[in-house]
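# Descriptive structure summary
So the chains spell out like this:
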Amino acid sequence: MKLFRDALELLFVIAIGGMLSSAVRKLRHRGISPYTCPNCGRPTSRAYEKCRHCGAPVKG
(Lines give C-alpha, C1' and ligand atoms only; values in the text may rest on other atoms or scores of the structure.)
Protein backbone atom coordinates (compact mmCIF):
# COMPACT_ATOMS: atom_id res chain seq x y z
CA MET A 1 0.00 0.00 0.00
CA LYS A 2 2.92 2.34 0.68
CA LEU A 3 4.18 1.83 -2.88
CA PHE A 4 0.81 2.91 -4.28
CA ARG A 5 0.80 6.06 -2.14
CA ASP A 6 4.36 6.92 -3.17
CA ALA A 7 3.50 6.44 -6.86
CA LEU A 8 0.44 8.66 -6.47
CA GLU A 9 2.54 11.36 -4.78
CA LEU A 10 5.05 11.18 -7.62
CA LEU A 11 2.28 11.65 -10.18
CA PHE A 12 1.01 14.70 -8.29
CA VAL A 13 4.50 16.21 -8.21
CA ILE A 14 4.92 15.61 -11.95
CA ALA A 15 1.50 17.13 -12.70
CA ILE A 16 2.09 20.24 -10.59
CA GLY A 17 5.58 20.67 -12.04
CA GLY A 18 4.17 20.44 -15.56
CA MET A 19 1.52 23.05 -14.83
CA LEU A 20 4.09 25.42 -13.31
CA SER A 21 6.51 25.03 -16.20
CA SER A 22 3.69 25.62 -18.69
CA ALA A 23 2.59 28.78 -16.89
CA VAL A 24 6.17 30.10 -16.72
CA ARG A 25 6.68 29.37 -20.41
CA LYS A 26 3.49 31.22 -21.34
CA LEU A 27 4.46 34.19 -19.18
CA ARG A 28 7.91 34.38 -20.77
CA HIS A 29 6.51 34.27 -24.31
CA ARG A 30 3.71 36.76 -23.61
CA GLY A 31 1.03 34.06 -23.97
CA ILE A 32 -0.76 35.39 -20.89
CA SER A 33 -1.79 39.02 -20.78
CA PRO A 34 -4.11 40.85 -18.38
CA TYR A 35 -7.43 42.21 -19.56
CA THR A 36 -7.16 45.96 -19.97
CA CYS A 37 -9.93 48.51 -19.88
CA PRO A 38 -10.64 49.86 -23.38
CA ASN A 39 -11.21 53.35 -21.94
CA CYS A 40 -8.24 53.93 -19.61
CA GLY A 41 -5.92 51.08 -20.67
CA ARG A 42 -5.26 49.88 -17.12
CA PRO A 43 -5.56 46.23 -16.07
CA THR A 44 -8.98 45.37 -14.68
CA SER A 45 -11.23 42.39 -14.06
CA ARG A 46 -13.97 41.25 -16.40
CA ALA A 47 -15.89 39.96 -13.37
CA TYR A 48 -17.25 43.43 -12.61
CA GLU A 49 -19.59 45.56 -14.68
CA LYS A 50 -17.43 48.69 -14.44
CA CYS A 51 -13.72 49.39 -14.45
CA ARG A 52 -12.54 50.07 -10.90
CA HIS A 53 -10.19 52.83 -12.11
CA CYS A 54 -12.32 54.94 -14.43
CA GLY A 55 -15.87 53.58 -14.05
CA ALA A 56 -16.29 52.72 -17.74
CA PRO A 57 -18.45 49.70 -18.54
CA VAL A 58 -16.40 46.53 -19.05
CA LYS A 59 -17.48 44.22 -21.84
CA GLY A 60 -16.62 40.61 -21.14
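A brief structural summary. (Residues numbered from 1 in each chain as written. Predicted model: local features only at pLDDT ≥ 70, side-chain atom pairs only at ≥ 80, totals over all residues. Heavy atoms only, no water.)

### Regarding the side chain of Thr-44
- Within the secondary structure layout, Thr-44 lies in the segment after helix H1 (2-28).
- According to the relative accessible area criterion, Thr-44 is buried, its value standing at 13%.
- Ignoring any residue separated from it by four or fewer positions in sequence, one finds Thr-44 in contact with Tyr-35, Thr-36, Cys-37, Cys-51, Arg-52 and Val-58. (Helix = DSSP H or I, 4+ residues; strand = E, 2+ residues; numbered from the N terminus. Buried < 20%, exposed > 50% of the residue type's maximum accessible area, 1.4 Å probe, protein only. Contact = heavy atoms within 4.5 Å.)

### Quick notes on unusual backbone geometry
- At Arg-30, a position not held by glycine, the phi torsion is positive, near 60°.
- On the basis of relative accessibility, which here comes to 74%, the residue Arg-30 falls in the exposed class.

### What about the environment of Gly-41?
- Position of Gly-41 relative to the elements: it lies in the segment after H1.
- Between the C-alpha atom of Gly-41 and that of Leu-10, which follows or precedes it by 31 residues, the distance is 43 Å.

### Describing the state of the cysteines
- With the rule as written, the count across this model stands at 0 disulfides.
- With no disulfide partner, Cys-40 has as its closest neighbouring cysteine sulfur the one in Cys-37, 3.8 Å distant.
- Judged by relative accessible area, which is 31%, Cys-40 ranks as partly exposed.
- Summary of cysteine pairing: Cys-51 is not part of a disulfide, and the nearest cysteine sulfur, belonging to Cys-54, is at 3.8 Å.
- Assessed through its relative accessible area of 4%, Cys-51 is described here as buried. (Disulfide = S-S within 2.5 Å.)

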